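Structural overview for review
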Amino acid sequence: MGMLEDDLTESHRALNRRMNVADDMLRAVRIEIERAIKKHGPMKSGHEAYAVILEELDEFWYEIKHGSKTKARDEAIQVAAMAVRFLMDVLTRRERGHD
C-alpha cells in the first residue's frame, strides 16, 4: 500500500473508533429515554420540552463549571435524551395530527 492508502486506512480506523464511542453514548441515551418515559410519561408540549431540556442543560452547565466529568457526561446524556423525547412525543404527535 502507498502512503495515501495508509492514511485513508488509519483515518477509517479512527472514524470506526469514534463511531463505537457514539454507539455507546446512544445506548446510554436510549436507556435514559426509557427511564424518563416510565417515570414521567410523554411530554405534552414544546413548552414542557423546553423547560425540561433547559433544566437538564443548567445541570450540565453546573457540572461543567465544577469540573465533574462523570456527572457532566450523565447530564449531557439527559439533555440528549430529553431532546429525543421532544422529537418523539411532541413533533411525532403533531405530524400524526394530534395537536
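About the cut-offs
All residue numbers refer to positions counted from 1 along the written sequence of the respective chain. With pLDDT at 70 or above as the cut-off, local features in this predicted model cover only qualifying residues; side-chain atom pairs require 80 or more to be listed or tallied, and sums for whole chains, interfaces and linings still use all residues. Derived side-chain values reflect all non-hydrogen atoms in the structure, with water molecules and hydrogen atoms excluded from consideration. Every helix listed is a DSSP run of H or I at least four residues long, and every strand listed is a run of E at least two residues long, numbered separately from the N terminus. Type-normalised accessible area, obtained with a 1.4 Å probe on protein chains alone, sets the label of each residue: buried when under 20%, exposed when over 50%, and partly exposed for intermediate values. N or O atoms closer than or at 3.5 Å make up a polar contact, with two conditions inside protein: a donor-capable atom paired with an acceptor-capable one, and, for residues adjacent in sequence, both atoms drawn from side chains. The contact criterion used is simple: two residues touch if any of their non-hydrogen atoms lie within 4.5 Å. Here the expected length of a helix is defined as 1.5 Å per residue gap, with one fewer gap than residues. By construction, the arc corresponds to the directions joining the helix axis to the C-beta atoms. When charges are tallied, Lys and Arg are placed among the positive residues and Asp and Glu among the negative ones, while His and the ends of the chain are skipped. What counts as a salt bridge is simple: a side-chain nitrogen of Lys or Arg found within 4 Å of a carboxyl oxygen of Asp or Glu.

Examined against the element boundaries, Asp89 turns out to sit in helix 3 (residues 69-95). For Asp89, a relative accessible area of 12% gives the class buried. Engagement of the side chain of Asp89 in a polar contact is seen with the backbone nitrogen of Met43, the distance being 2.9 Å. Residues within four places of Asp89 in sequence aside, it is in contact with Pro42 and Met43.

Our next topic: helix 2 (residues 46-65). Over its 20 residues, helix 2 runs 28 Å from end to end, which matches the ideal 28 Å to within 8%, given 1.5 Å per residue. Turning to helix 2, its buried residues number three or more, namely Ala49, Glu56 and Glu63. The arc that holds the buried residues of helix 2, viewed along the axis, is 55 degrees, so those residues lie on one side. Opposite its buried face, helix 2 presents the exposed residues His47, Tyr50 and Lys65, each directed more than 90 degrees away. Positive phi appears at Gly67, one or two residues downstream of helix 2, with a value of about 75 degrees.

On to the side chain of Glu75. Among the secondary structure elements, Glu75 is positioned in helix 3. We note that Glu75 is buried and unpaired, the nearest opposite charge coming from Lys71 at a distance of 8.5 Å. Once residues within four sequence positions are removed from consideration, Glu75 is found in contact with Glu56, Glu59, Phe60 and Glu63.

Take the pattern of salt bridges next. For the structure shown, the criterion picks out seven salt bridges. Notably, a salt bridge pairs Glu34 with Arg30, separated by 3.2 Å at the nearest N-O pair. Remark: Arg30 and Glu34 occur in helix 1 (residues 3-40); sequence separation between them is four residues, near one turn of the helix. Judged by its relative accessible area of 37%, Glu34 is partly exposed. Accessibility expressed as a relative area gives 57% for Arg30, which makes it exposed. A salt bridge links Glu32 to Arg35; its shortest N-O distance comes to 2.5 Å.

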